[in-house]
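# Notes for the structure review
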Amino acid sequence: MKPRVIPEIRILLAHTDAALCVSARRALERLGCTVTIAQNGEDALARFSADLFDVVILGVALPVCDGLHVLREI
């Protein structure tokens, strides 16, 4: 069976656990996704306003401004 071709999905990932971000990025990139990692809530908002994303994955307890604040702003 031929592998199904999935159009590139652009993901913004913001979480406090760096190891989780790296693991998630590797797994998602193997599936053909492009992953951008934000270090905190403010960084996530800046990256979201500067680029287009299909999916945003947020941790709730982000430094600077939390994930719920980021979600409301988005």
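See above for the structure.
These remarks concern the structure in this document. Counting from 1, residues in each chain are numbered in the order their sequence is written. Reporting in this predicted model follows two pLDDT cut-offs: at least 70 for local features of residues, and 80 or more for side-chain atom pairs to be given and counted; totals over whole chains, interfaces and linings ignore these cut-offs and use all residues. Side-chain metrics rest on all non-hydrogen atoms present in the structure, leaving aside hydrogens and water.

### Quick look at the packing of aromatic side chains
Aromatic contacts are taken between Phe, Tyr and Trp rings whose centres are within 6.5 Å, Trp giving its six-membered ring; a plane angle under 30 degrees counts as stacked, one over 60 as edge-to-face, and the others as tilted. By the definition in use, this model includes 0 aromatic pairs. Consider the ring centre and the ring normal. A charge sits over the ring if Lys NZ or Arg CZ is within 6 Å of that centre and within 35 degrees of that normal. Positioned over the ring face of phenylalanine 53 is arginine 10, at 5.7 Å from the centre of the ring.

### Quick word on unusual backbone geometry
Working note: non-glycine residues mostly have negative phi, and peptide bonds are mostly trans. We note that valine 64 has phi near 75 degrees; this positive angle belongs to a residue other than glycine. Burial classes: relative accessible area under 20% of the type maximum marks a residue as buried, over 50% as exposed, and values in between as partly exposed (1.4 Å probe, protein chains only). Look at valine 64 and you get exposed, because its relative accessible area is 62%.

### Things to note about the environment of isoleucine 9
Only DSSP runs of H or I covering at least 4 residues are called helices, and only runs of E covering at least 2 are called strands; the numbering of each starts at the N terminus. Relative to the assigned elements, isoleucine 9 resides in the segment before strand E1 (10–14). Whether two residues are in contact is decided by their heavy atoms, any of which lying within 4.5 Å being enough. Each residue touching isoleucine 9, except ones within four places of it in the same chain, is listed here: Gly32, Cys33, Thr34, Asp54 and Val55.

### A word on the sheet that holds strand E2 (residues 34–38)
Here, a strand pair is defined by DSSP locating no fewer than two bridges between the strands. With respect to topology, 3 strands assemble into an open sheet ordered E2-E1-E3, the strand pairing being parallel. Of all the strands in the sheet, just E2 and strand E3 (55–58) have a single pairing partner and so form its edges. Taking each pair of neighbouring strands and ignoring which way they run, the sheet shows an average axis angle of 20 degrees. Strand direction decides the pairing type here: E1 and E2, joined by 5 bridges, are parallel. Residue pairing across strands places alanine 14 opposite alanine 38, the latter belonging to E2. Angles here are taken between N-to-C directions and fall from 0 to 180 degrees, while the axes themselves are lines fitted to C-alpha atoms, restricted in helices to the stretch in contact.

### Topic: the pairing of E1
For E1, a buried count of 4 out of 5 residues is recorded, marking the element as mostly surrounded by other parts of the structure. Handedness of a crossover: with both strands directed away from the viewer, a clockwise path from the first strand across the helix to the second marks it as right-handed. Chirality of the crossover, the property in question, places the unit of E1, helix H1 (residues 18–30) and E2 among those that are right-handed. For E1 and E3, the ladder comprises 4 bridges, and the chain directions are parallel. Of the residues in E3, the one forming a bridge with leucine 12 is valine 56.

### Concerning the environment of serine 49
Here serine 49 shows up in helix H2 (residues 41–50). Judged by relative accessible area, which is 63%, serine 49 ranks as exposed. Here the alpha-carbon distance between serine 49 and valine 22, two residues 27 residues apart in the chain, equals 23 Å. Contacts described as polar in this section are N or O atom pairs within 3.5 Å, which, within protein, must combine one atom able to donate a hydrogen with one able to accept it, while residues neighboring in sequence count only if both atoms come from side chains. Separated by 3.0 Å, the side chain of serine 49 and the backbone oxygen of alanine 46 make a polar contact.

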